[in-house]
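So the chains spell out like this:
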Amino acid sequence: MNQVVTAPPRVRIAPSPTGDPHIGTAYIALFNYVFAKKHGGKFIIRIEDTDRNRYRPESEAMILDAIKWFGIEWDEGPDIGGPYGPYKQSERLPLYLEAAKELIEKNHAYRCFCTVARLEKLREVQTANKLPPGYDRHCRALSLEEAEKKLAAGEKFTIRFKVPTSGVTSFNDQIRGKVEFENARLDDLVLLKADGYPTYHLASVVDDNAMKITHVIRGEEWVSSTPKHVLLYEAFGWTAPLFTHLNLLRNTDKSKISKRKNPTSILYYRRKGILPKALRNFLALMGWSLGGDQEIFSTETMIENFTWERFSLGGPVFDLQKLLWMNGQYLKQLPDEAWVAMIRDQVFTEEYLKQIVPLIKERVQALEEFIPNADFFFTGDLKYEGTSILPKGFAAKVVAKWFSDILESFETLDEWSVPKIKAVIETFVAQNGLKTKDIFMPMRIAVSGTPVSPPLFETIQVLGKEMVRRRMRLAMDYLKTLKEPIAQNTEASPS
RNA sequence: GUCCCCAUCGUCUAGAGGCCUAGGACAUUACCCUUUCACGGUAAGGACACGAGUUCGAAUCUCGUUGGGGACACCA
């Protein structure tokens, strides 16, 4: 387990640009970075944009930006290049094609003409019969002629890996030790999709090899596909890197951290005013410790003292409260000048003020009224009280469900703009046979904390998706605490 | 359902067979400091999941049980 690192390691993180930069990415990045620096190696960022359905063009820049803010520097990456570029998988497509072809030639892969519908049906039947779902290797048995015929007929196909049907595949995880899987339990995974893009499995193996990655340090969710990767390395005749699977950050209920239950966007924490060094320290503690009682330590100290032995395997619950405490510790140490600069540069930014002013200026008569009218643009979590969040005649449970549905629609938005937000709300109102006023007041109170505020859609837009999501979730939590049978004519009173 | 991983206070963890009557931190409670609030200080409650074994001795090693998590996509 205490492996000796001889050559300088090359490690990478491989985020996919499918949305906001994720806190889990920062966590994994930190350990990759620290490990690399400890041993004088290189830390690389590679963008895995092979899923064109979930691809969000704005996401890549956001991820790089967020990691930069987080305070760890990469030695090679899509923006700065490096000796093994390009560092974006969509720009490396020929490589994967060639690799897939090579595997077919070596008889380690085959074309699969099964339709998505057939696979779905198959899975359905398997689950119904309580069998583990998996590909039944239907096309593996296809003769060469049959395959050629389908190919000539222009049938769509994927390329699947021919996984050995017997034997055992194992790997030595740097913190878990030897992990073994029976090959018979593995199914023939897709390497190349019908659209010509590779799956993660193919792309990451090909790239890790091409980029001379020595250590793959990634999340625990990859443990069960690692034997497939090992088998791929063998099929190619390449040496596999050393694997390390870190435990996943968890919600309070111990499930894998999710935006439903926690703010997961790095942007949220930046906006909140969490200091990068505090976040790094906190995330480091989610699985690693210096050894004694010291909890506050710098990333440099972590690098100096880093060993995998000090890593613990239990899935750590992400505790916002402790992060806040730790952030406070760091904040207190900062000189006043730093505070002034931070408030000017991060809180009252020109960009943010420019968005807020047009919403406020028509409702005030003197500048001093600005802050009281715009306070909720600058505060974080709001406190809800009373029952004014409930429209007359609706149960709290119902309103919570509204919020949940609207939040879901917000998630699908490809652009956070007033027209799109408006469309979501209006569609929702129409589909549920509500009156506009039914939903406006609850929404307004949820996002601004007050029944008197600037226009709703603009407010939502300016607050930003992360903040709106957070506040609506908190409002939903609050709604759940309201006693169901609300006395009809009770005045709204603080609870 | 199948496979894999994991298991110390509510939470993050220290603990690598005797230093453990299990230590620290967050949170909680009480008191002190204080015009208030906060900070700070002091204190309290609070855990080795269970059962077998190995051993003179087990939180620490082994096995089983239970519990939790992850994976089983033409997503990563």
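The following paragraphs examine the structure supplied in this document. Because the structure is a prediction, the values reported are computed rather than measured.

Rules behind the numbers
- Residues numbered from 1 in each chain as written.
- Chains lettered and ligands numbered in written order.
- Predicted model: local features only at pLDDT ≥ 70, side-chain atom pairs only at ≥ 80, totals over all residues.
- Heavy atoms only, no water.
- Disulfide = S-S within 2.5 Å.
- Buried < 20%, exposed > 50% of the residue type's maximum accessible area, 1.4 Å probe, protein only.
- Near = heavy atom within 4 Å.
- Polar contact = N/O pair within 3.5 Å; in protein donor to acceptor, adjacent residues only side chain to side chain.
- Helix = DSSP H or I, 4+ residues; strand = E, 2+ residues; numbered from the N terminus.
- Nonpolar A, V, L, I, M, F, W, Y, C, P; charged D, E, K, R; others polar.
- Salt bridge = Lys/Arg side-chain N within 4 Å of Asp/Glu carboxyl O.
- Core = buried A, V, L, I, M, F, W, Y, C linked by side-chain atoms within 4.5 Å.
- Contact = heavy atoms within 4.5 Å.
- Pairing = 2+ DSSP bridges.
- Right-handed = clockwise from strand over helix to strand, strands pointing away.

Some details on the state of the cysteines
Argument step 1. Per the counting criterion, the structure on display carries 0 disulfides.
Argument step 2. The thiol of Cys112 is unpaired, and the distance to the nearest cysteine sulfur, on Cys114, comes to 3.7 Å.
Argument step 3. When its relative accessible area of 14% is taken as the criterion, Cys114 is described as buried.

Here we look at the protein's contact with RNA strand B
Argument step 1. Within the structure, RNA strand B sits among 54 residues, and Asp51, Arg176, Lys193, Ser224 and Glu295 are positioned closest to it.
Argument step 2. Each atom of RNA strand B within 4 Å of the protein belongs either to a base or to sugar and phosphate, the latter forming 80%.
Argument step 3. The side chain of Arg250 places a nitrogen or oxygen atom 3.1 Å from a sugar or linking oxygen of RNA strand B.
Argument step 4. Sorting the residues of the surface near RNA strand B by element identifies helix 4 (116-128), strand 4 (158-161), strand 6 (177-182) and helix 11 (320-333) as the ones contributing at least two each.
Argument step 5. Among the elements that line the surface near RNA strand B, the one with the most residues is helix 11, at 5 residues.
Argument step 6. Broken down by class, the residue content of the surface near RNA strand B amounts to 20 nonpolar, 13 polar and 21 charged.

Regarding the pattern of salt bridges
Argument step 1. Taken as a whole and judged by the stated rule, the model has 29 salt bridges.
Argument step 2. With its nearest N and O atoms 3.8 Å apart, the salt bridge here joins Asp187 to Lys228. Highlighted residues: Asp187 in the loop between strand 6 and strand 7 (190-192) and Lys228 in helix 7 (residues 226-236), separated in sequence by 41 residues.
Argument step 3. For Asp187, a relative accessible area of 21% corresponds to the partly exposed category.
Argument step 4. Here Lys228 falls in the buried class, since its relative accessible area comes to 15%.

Quick look at the nonpolar core
Argument step 1. Tyr27, Phe31, Phe43, Leu246, Leu283, Trp308 and Phe318 are the most contacted members of the largest nonpolar core, which has 57 residues in total.
Argument step 2. When contributions to this core are tallied by element, the ones reaching two or more residues are strand 1 (10-13), helix 1 (23-38), strand 2 (42-45), helix 2 (59-70), helix 8 (266-272), helix 9 (276-285), helix 10 (299-305) and helix 11.
Argument step 3. Tallying contributions element by element places helix 1 first for this core, with 11 residues.
Argument step 4. The residues touching Phe31, leaving out its near neighbours within four places in the chain, are Ile217, Leu246, Leu283, Ala284, Trp288, Met302, Phe306, Trp308 and Phe311.

Notes on the pairing of strand 1
Argument step 1. Every second residue of strand 1 is oriented toward a common face, with Arg10 and Arg12 on one face and Val11 and Ile13 on the other, all of them buried.
Argument step 2. When strand 1 meets strand 2, the two strands line up parallel, connected through 4 bridges. In the strand pairing of strand 2, Ile13 is matched with Ile45.
Argument step 3. Taken together, strand 1, helix 1 and strand 2 constitute a β-α-β crossover, and its handedness is right-handed.

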